[in-house]
Amino acid sequence: MKNELPSDISQLLGGYSPDRFLALYWHKKPLLIRRAMPGLKPVVSKAELFSLAGRDEVESRMVARKGRAWSLKQGPFTMREMRAPRADRWTLLVQGVNLHCIEADELLRRFSFIPAARLDDLMVSWASDGGGVGPHFDSYDVFLLQASGRRRWRISMQRDHALLAGAPLKILRNFRHSEEYLLEAGDMLYLPPGCAHDGVAVGECMTYSIGFRAPSAQELARGLLEHLADSTERAGMFADPGLRPAKRNALLDDAYVNQAARLIGRLQPTRAQVADFLGRYLSEPKSNVFFDAPEPSLTRPAFSRAAARHGVWLDPKSRMLHRANTIYVNGEAVTPGLPLLRQLADARRLEAGAAPNAAALNLLYLWYTHGWLHPGRRT
Ligand code: SIN
Ligand code: CO
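Residues numbered from 1 in each chain as written. Chains lettered and ligands numbered in written order. Predicted model: local features only at pLDDT ≥ 70, side-chain atom pairs only at ≥ 80, totals over all residues. Heavy atoms only, no water.

1. Re the coordination of the cobalt ion (ligand 2)
Then step 1. The protein atoms that coordinate the cobalt ion (ligand 2) are H136 (NE2), D138 (OD) and H197 (NE2), at distances of 2.0 to 2.1 Å.
Then step 2. Look at where the donors of the cobalt ion (ligand 2) fall in the sequence and you get H-x1-D-x58-H. Separated by 61 residues along the polypeptide, H136 in the loop between β5 (119-127) and β6 (142-156) and H197 in strand β9 (residues 196-212) bring together distant segments of the chain. The burial state of H136 is the same as that of H197; both residues are buried. (Donors = N, O, S within 2.8 Å, 3.2 Å for Na, K, Ca; no water. Helix = DSSP H or I, 4+ residues; strand = E, 2+ residues; numbered from the N terminus. Buried < 20%, exposed > 50% of the residue type's maximum accessible area, 1.4 Å probe, protein only.)

2. A short note on unusual backbone geometry
Then step 1. Residue E295 is joined to P296 through a cis peptide bond whose omega torsion reads -5°.
Then step 2. Of note, P296 is situated in the loop between α8 (271-283) and α9 (300-310).
Then step 3. Looking along the chain, the bond that leaves T335 and enters P336 is cis, with omega of -5°.
Then step 4. By secondary structure assignment, the location of P336 is in the loop between β13 (332-334) and α10 (339-347).
Then step 5. Its identity is not glycine, yet R35 carries a phi of approximately 55°, on the positive side.
Then step 6. Checked against the element boundaries, R35 lands in the loop between β1 (31-33) and α3 (46-52).
Then step 7. In this structure, R348 takes a positive phi of about 65° despite not being glycine.
Then step 8. Relative to the assigned elements, R348 resides in the loop between α10 and β14 (349-350).
Then step 9. R348 sits in the buried class, given a relative accessible area of 10%.

3. Focus on the sheet that holds β13
Then step 1. Ordered in space as β11-β12-β13, the three strands form an open sheet in which the pairing is antiparallel. In the strand order of this sheet, the two ends are held by β11 (320-323) and β13, each with one partner. Going from strand to strand, the sheet's axes swing by 25° on average, the running direction of each strand aside.
Then step 2. Judged from the four bridges that link them, β11 and strand β12 (residues 326-329) form a sheet pairing that is antiparallel. (Pairing = 2+ DSSP bridges. Axes fitted to C-alpha atoms, helices over the stretch in contact; angles between N-to-C directions.)

4. Focus on the site of ligand 1
Then step 1. Around ligand 1 sit L93, M123, S125, V133, H136, D138, L144, R151, W153, H197, T207 and S209, and those are all the residues in its vicinity.
Then step 2. Between ligand 1 and the protein, one listed contact pairs an oxygen atom with a side-chain N or O atom of S125 at 2.7 Å.
Then step 3. Here an oxygen atom of ligand 1 sits 3.4 Å away from a polar atom, N or O, in the side chain of D138.
Then step 4. Among the elements of the structure, β5, β6 and β9 are those that each provide at least two residues to the shell around ligand 1.
Then step 5. Class assignment for the residues of the shell around ligand 1 results in five nonpolar, five polar and two charged. (Near = heavy atom within 4 Å. Polar contact = N/O pair within 3.5 Å; in protein donor to acceptor, adjacent residues only side chain to side chain. Nonpolar A, V, L, I, M, F, W, Y, C, P; charged D, E, K, R; others polar.)

5. Regarding the nonpolar core
Then step 1. Grouped together as the largest cluster of nonpolar side chains are 45 residues, with contacts concentrated most on L92, L107, F143 and I210.
Then step 2. Excluding residues within four positions of it along the chain, I210 makes contact with L107, L108, F111, L119, D121, L122, D141, V142, F143 and L145.
Then step 3. If you look at the next biggest cluster of nonpolar residues, it comprises 23 residues, including M320, I327, Y368 and W372. (Core = buried A, V, L, I, M, F, W, Y, C linked by side-chain atoms within 4.5 Å. Contact = heavy atoms within 4.5 Å.)

6. Notes on a nonpolar patch on the surface
Then step 1. A cluster of nonpolar side chains, namely L225, L263, I264 and L267, defines an oily patch on the protein surface of about 340 Å² accessible area.
Then step 2. Position of I264 among the secondary structure elements: in helix α7 (residues 254-264).
Then step 3. Judged by its relative accessible area of 42%, I264 falls in the partly exposed class. (Patch = residues over 30% accessible without salt bridge, like charges linked within 9 Å, V, L, I, M, F, W, Y side chains within 5 Å. Areas by Shrake-Rupley, 256 points an atom, 1.4 Å probe, with all protein chains shown as cover. Salt bridge = Lys/Arg side-chain N within 4 Å of Asp/Glu carboxyl O.)

7. Thoughts on the side chain of N330
Then step 1. Summarising the element assignment, N330 is placed in the loop between β12 and β13.
Then step 2. Of note is the side chain of N330, whose polar atom sits 2.7 Å from the backbone nitrogen of R319.

8. Let's talk about α10
Then step 1. Taken residue by residue, α10 has L340, L341, L344 and A345 as its buried positions. The arc that holds every buried residue of α10, seen down its axis, measures 145°, which confines them to one face. α10 presents P339 and D346 as exposed residues on the side facing more than 90 degrees away from its buried surface.
Then step 2. Buried residues along α10 sit in contact with β10 (312-314), β11, β12, β14, α11 (358-370) and β15 (373-375).
Then step 3. R348 sits one or two positions beyond α10 and adopts a positive phi of about 65°. (Arc of directions from axis to C-beta.)

9. Some remarks on α8
Because an α-helix completes one turn every 3.6 residues, residues spaced three or four positions apart along the sequence face the same direction.
Then step 1. The end-to-end C-alpha distance of α8 is 18 Å, a good match for the 18 Å that 13 residues give at a rise of 1.5 Å each.
Then step 2. Taken residue by residue, α8 has A275, D276, F277, G279, L282 and S283 as its buried positions.
Then step 3. Lining the buried residues of α8 we find α6 (217-231), β11, β12 and β13. (Expected span 1.5 Å × (residues − 1).)

10. As for the packing of aromatic side chains
Then step 1. The full count for this structure, using the stated rule, is 21 aromatic pairs.
Then step 2. Ring plane angle 20° and centroid distance 6.1 Å describe the contact between F21 and Y25, whose orientation is recorded as stacked. Accessibility classification places F21 together with Y25 in one group, the buried group.
Then step 3. Aromatic side chains F143 and Y190 sit 5.2 Å apart centroid to centroid with 50° between the ring planes, which places their arrangement in the tilted category. In this pair, F143 sits in strand β6 while Y190 sits in strand β8 (residues 188-191), placing the two residues 47 residues apart along the sequence.
Then step 4. Given a relative accessible area of 0%, Y190 falls into the buried group.
Then step 5. The positively charged end of K170 is found above the aromatic ring belonging to F137, 4.6 Å away from the centroid. (Phe/Tyr/Trp six-rings, centres within 6.5 Å; stacked < 30°, edge-to-face > 60°. Lys NZ or Arg CZ within 6 Å of the ring centre and 35° of its normal.)

Printed below as a string of structure tokens:
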């Protein structure tokens, strides 16, 4: 379904400019935005969402509640599982809908005032009357956009983050809400990380979560060490020409440890190494993402003509960042990051007549053959 999204960013942010919104609310406090996207048409129907949840490469979950008992199942789900009549209150959550649906990708791009490196994905949930995932908190900022039907959100900035023992998902043990809002289609709620919330469907409803990513120190350190292991060579090798007979055969002695420590040296990455790691890491699609190569594919001259006439657009699954003279695309680094390619990364498209030079055209054609971008107009 084609959406007429409001062109006015301040409507999306409740009358605030991106500058003001970020200064006053981002990472700080919740904001309810009535009519953030008036007239919003769902980017997927219930049937399309259920069909996505049946696919292997799509991450989906089903959460149900019967009395005080919660249950959680991971997808993919059969239609029979999703369509069966049931007595409990339940919800289906589908992650990364923007990767499979152009309208969802377009909706996500409305939030491009936040750097692409911070953006995660669009999760869509469908809930039966009374359904929800229970009171919890997330570690990330989120915009909760009501897509269809109504949902009652209760929120709290409580410090008590103790969780219910034995539940299959994170449910707060003592949730005491301080605010309550009934969201109608087109309304949106921004929540900073750690803000406790509980959304209960009032009748069947669909909610979109525009999610952000914030890697932990542990995740970054592990990723960086793996990157350094693959991209750097250390000279030298253990040697012990002065070896003396062992007094205790199994002892790992100081001499060995000291020499190994000297060989390894200080593991202090340079800023350039950190930047290179980040560009690759943050542009790497998730492990369940696969691209479809064009079938049949255009020859290079035919691609070049199509690109000149209609421009090119990035596949929704493609992640592209740039920094200084390097372009990062789907986990790979390309230097020099030609200005036109940086433009493609920012706008996610090149307009007709963009006139790439031979080097840029070579890359565009290569990426086209991988299914990373497409010539023509987005349909
Ligand atoms: C939902 O859409 O039901 C869950 C969203 C959330 O609470 O983070
Ligand atoms: Co949440």
